[in-house]
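# Secondary and tertiary structure notes
Given next are the chains, with one letter for each unit.
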Amino acid sequence: MTEKSGADILIEALGDLGVEVVFGYPGGAVLPIYDALFRHNAAGGRIKHILVRHEQAATHAAEGYARSTGKPGVVLVTSGPGATNAVTGITDALMDSIPMVVITGQVPTTLIGTDAFQEADTVGITRHCTKHNYLVKDPAKLGNTIHEAFHIATSGRPGPVVIDIPKDVQVATARYTKPGPIRHKTYRPQVKADQSAIEQAVDMLAAAERPILYTGGGIINAGPAASQLLCELARITGAPVTSTLMGLGAYPASGPQWLGMLGMHGTYEANLAMNKADLIVCLGARFDDRVTGRLDAFSPYSRKIHVDIDRSSINKNVRVDLPIVADVGHALEDMVRVFKARRHPKPDLAEWWRMIAGWRAVKSLDFAETGSEIMPQRAIRALWEATHKRSPIITTEVGQHQMWAAQHFGFEGPNKWLTSGGLGTMGYGLPAAIGAQLGNPKALVIDIAGEASIQMNIQELATAMQYRLPVKIFILNNEYMGMVRQWQELTYSSRYAESYSDTLPDFVKLAEAYGWKGIRIEGNDQLDDGIAAMLDHDGPVLVDCRVAKLTNCFPMIPSGAAHTDMLLASSEVSGEMDDEAKALV
Amino acid sequence: MHITEEKTQRHTLAVMVDNEPGILARIAGLFTARGYNIESLTVSDVTADQAVSRITIVTSASAHVMEQIMAQLDRLVPVHSVTDLTALGPHVERELALLKVSGHGEHRIEALRLADVFRARVVDTTINSFVFELTGGREKIDGFIALMRQVGLCEVARTGIVAIARGDKAI
């Protein structure tokens, strides 16, 4: 067998792993890899490289691709600034458990440690923002390392894996054979649940008077079948379903047992049901501070079951009565099977549903409208009305618009909602939409954005144009970093320190400068037509939708407050908080 | 506003890891990143093929944080096993210290006398100095060092704690 260069081994291994798209940006320390990719594709290979305009965007695009297809996202960047620019997206993928493999170039092994040009300690910098990382110093180990990296990124709790490859290792030669199935000597995620725990969980569900299914991004990660199983479990138990931001779409928003999202900007019925429940079944979620609110007041009357593939998530924030370490898809399958096998009748939850109906009647997502000014919530609902039949993929940036999208855009299935949940990264939405569109060429992909966030990766307008990706950007433009301003109103007596988006560009002209279509919507009378024009255009469109400037996102549980202390409207805001509350995120 | 801290208890952990570059930084970094403390950390390879290292970590944590430390360590890819020796039961903890003591006359004689009481060995000497080697638990070594300070201690090197469970079972 002939020897190949490290760069050729890498590209061949990516081909063997079924990689179709790589998001990247070339540079000195990855030139051999780019040349290998060029030759691979010239010889009939099918690894499409997407040239982003900033390495951070490559990582978010890979996340969008991964989240919308279930396949790992792949990133290729150079050493030094290429790698450091990717760090935000790598951290984002770690927080949201997104499978991603990032290949970084490195200075040659002989120069490592000499402060060489474009040298950065990539494995050192990314050690704690990756699930695992490698510095490969021997081309003979490259092939196995790449296969192992994909195995680690995509199995167990998914996450980002970095492979740092010095330039001399890309050039040096070695043999490569496609390895068989990976059996890692230490890394063996527990996928199947302990059966006695499943039986106990089913008994608890059958006996509960006020159960609730609290679901999260783990169900999305477990694949579409897990969402089906969740619907089945909900159907046979009759329990209400709520979800974290990351889990939206696992249970359909039109489903009869859907309570809406829970947590800081969740619905009144979801949070009150969590508070009054006697049994919480947490499925692939992690009791995040945005969900629990004040911990000592969190769901005081309930017993808690927690299904998670990551043992470290269990008892991290909230102590649970029954931990189940497993892939949530497998656990759901087992729970449904055991529930049916035991011939449990559907529990009588009439009284529980009567309580829920009372909370639903509060209509916590309602909002007042006056005049021709567009309320941001109205804009989201209009967007939903015009597009939901096409089951669009929605991405977001971070802030008020993200929460309004989560509250008012109903998701009917998994993999349609891509948002930066854990890290809260402004600038996520546009590159994520690009990645999602590449993975789903026929889908309607819309980035619901804010005028501040969109500017954080605005350069990616060029990427979408270059690859003829018909993504849509729908900016809710209120001329403020709205969530910052909202917190300043809540906490600092409306002293708006630096939260006004001054000197905004003309977004329509900006879109046109990049070859996009630009549309401005300035009043309720233009809303439906503007959206229709956006959908009619067979190419990328940016919509600058001017909305009411000072609207805030409600309902809201202020930081450090209990689920029962929800603010439903701005009239309930006092404008000052004590130091304990000020110190919370 | 004041910042309050939880009550903690001392635990000794044995962590078996793949002997690969960066593993120590991975473990130590996990502790700093998540705000856990390290009182002592020692590492050395323990298998014939030098493929596996044993890291002994002494940490102080509440029961809740301790559970997290175990789980967080366990989910690192190169970690084979994590054992809380303190929770497991009786175990032996040892540390080795080297102490350089310099002086003349009465101090020098007293240093030798104290070393004898502590069963420290003299491993180097000059006309006006000794190097003592002492093995034992942390308190014994702390006690010896405190005494030696009064008779001319000028330098200390300690290994940190290694520990192993009593009985015939291996971890």
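As recorded in an unreviewed UniProt entry, chain B goes by Acetolactate synthase small subunit and comes from Sphingomonas echinoides. As recorded by UniProt, the Catalytic activity (unreviewed entry) comment attached to chain B reads in full: "2 pyruvate + H(+) = (2S)-2-acetolactate + CO2". Taken verbatim from the UniProt record of chain B, the Subunit (unreviewed entry) comment is "Dimer of large and small chains."

Under an unreviewed UniProt entry, the name given to chain A is Acetolactate synthase, and the source organism is Sphingomonas echinoides. In its Catalytic activity (unreviewed entry) section, the UniProt record describing chain A reads: "2 pyruvate + H(+) = (2S)-2-acetolactate + CO2".

With 20 residues of chain B in contact, the opposing surface of chain A contributes 21 residues. Of the roughly 1800 Å² buried between chain B and chain A, counting both surfaces, carbon and sulfur atoms make up 50%. Sorting the residues of chain B by area buried against chain A places Met1(B), Arg26(B) and Val77(B) first, and these three jointly supply 37% of that buried surface. Taken together, the connections running from chain B to chain A amount to four salt bridges.

What follows is about the UniProt feature "domain: Thiamine pyrophosphate enzyme TPP-binding" (unreviewed entry) in chain A. Per the UniProt entry, the sites bearing "domain: Thiamine pyrophosphate enzyme TPP-binding" (unreviewed entry) are residues 398-545 of chain A in this numbering. For the annotated span residues 398-545 of chain A, helix accounts for 38% and strand for 16% of the residues, and the straight-line distance between the end C-alpha atoms is 17 Å.

One pass over the structure, following the stated rule, counts 32 salt bridges over all chains. Here Asp310(A) ties to Arg157(A) by a salt bridge, and the two come within 2.8 Å at their closest N and O atoms. Of this pair, Asp310(A) sits in the loop between strand E13 (303-308) and strand E14 (322-325) while Arg157(A) sits in the loop between helix H6 (139-154) and strand E7 (160-166), and the two are 153 residues apart along the sequence. Arg157(A) matches Asp310(A) in its accessibility class, with the two residues each being buried. We note a salt bridge from Asp74(B) to Arg311(A), for which the minimum N-O separation is 3.4 Å. Separated into two different chains, Asp74(B) in helix H2 (residues 63-74) and Arg311(A) in the loop between E13 and E14 make up a pair that spans both. For Asp74(B), a relative accessible area of 33% corresponds to the partly exposed category.

So, about the sheet that holds strand E3 (residues 52-61) of chain B. All names here are of chain B. Read across the sheet, four strands follow the order E2-E3-E1-E4 without closing on themselves; strand pairing throughout is antiparallel. Looking at strand neighbours, the two that pair on one side only are strand E2 (40-45) and strand E4 (79-84), the edges of this open sheet. Across the sheet, the axes of successive neighbouring strands diverge by a mean angle of 15°, strand direction being ignored.

Next up on the list: the domain arrangement of chain B. It is common to give the size of an interface as the accessible area lost on bringing the parts into contact. Residue and element names in this part refer to chain B. By the assigned domains, chain B splits into domain 1 (9-88) and domain 2 (92-164). For domain 1 versus domain 2, the separation of C-alpha centres amounts to 29 Å. Taken residue by residue, the interface counts nine residues in domain 1 and eight residues in domain 2. Interface area, domain 1 with domain 2, both sides summed: about 660 Å², of which 45% is carbon and sulfur.

Turning our eyes to something else, we now look at the domain arrangement of chain A. All names here are of chain A. Each domain of chain A was delimited in the assignment, giving domain 1 (4-174), domain 2 (195-360) and domain 3 (376-553). Relative placement of domain 2 and domain 3: their C-alpha centres are 31 Å apart. Domain 2 puts 16 residues into the contact, and the matching count from domain 3 is 18 residues. Both sides together, the interface formed by domain 2 and domain 3 hides about 1300 Å², and carbon and sulfur atoms give 64% of it. When residues of domain 2 are sorted by the area they lose upon contact with domain 3, Leu-245, Leu-248 and His-265 head the list and together hold 42% of the total. Our enumeration of links across domain 2 and domain 3 arrives at zero salt bridges. Taken together, domain 2 and domain 3 are joined by five residue pairs in polar contact (both at pLDDT 80 or more).

Residue and element names in this part refer to chain A. The buried fraction of strand E9 (residues 211-215) is high, at five of five residues. Covered by surrounding structure in E9 are Pro-211, Leu-213 and Thr-215 together with Ile-212 and Tyr-214, the residues of both alternating faces. The pairing of E9 with strand E12 (residues 279-283) spans five bridges and is parallel. Directly across from Ile-212, in E12, lies its bridge partner Ile-280.

On to the packing of helix H15 (residues 376-387) of chain A against helix H16 (residues 400-408) of chain A, then. All names here are of chain A. Look at H15 against H16: their axes get within 9 Å of each other, and the N-to-C directions meet at 50°. What the angle tells us is that H15 and H16 run oblique. In this structure, the crossing between H15 and H16 has a hand that is right-handed. Contacts between H15 and H16 involve Pro-376, Gln-377, Ile-380, Arg-381 and Trp-384 from the former and His-401, Trp-404, Ala-405 and His-408 from the latter. Here the residues of the contact of H15 with H16 sort into five nonpolar, three polar and one charged.

What follows covers helix H1 (residues 23-33) of chain B. Along H1(B), the positions that sit buried rather than exposed are Ile23(B), Arg26(B), Ile27(B), Gly29(B), Leu30(B) and Phe31(B). Of the surrounding elements, those touching the buried residues of H1(B) are strand E6 (132-135) of chain A together with strand E1 (9-18), E3, H2 and E4 of chain B. Within two residues after H1(B), Gly35(B) carries a phi angle of roughly 75°, on the positive side.

Calculation rules
Residues numbered from 1 in each chain as written. Chains lettered and ligands numbered in written order. Predicted model: local features only at pLDDT ≥ 70, side-chain atom pairs only at ≥ 80, totals over all residues. Heavy atoms only, no water. UniProt positions renumbered as here; feature names shortened; annotations may be inferred. Contact = heavy atoms within 4.5 Å. Buried area = accessible area lost by both parts, 1.4 Å probe. Salt bridge = Lys/Arg side-chain N within 4 Å of Asp/Glu carboxyl O. Helix = DSSP H or I, 4+ residues; strand = E, 2+ residues; numbered from the N terminus. Buried < 20%, exposed > 50% of the residue type's maximum accessible area, 1.4 Å probe, protein only. Pairing = 2+ DSSP bridges. Axes fitted to C-alpha atoms, helices over the stretch in contact; angles between N-to-C directions. Domains from an automatic or database assignment. Polar contact = N/O pair within 3.5 Å; in protein donor to acceptor, adjacent residues only side chain to side chain. Parallel < 35°, antiparallel > 145°, perpendicular 65-115°, else oblique. Left-handed = near helix turned anticlockwise from the far one by under 90°. Nonpolar A, V, L, I, M, F, W, Y, C, P; charged D, E, K, R; others polar.

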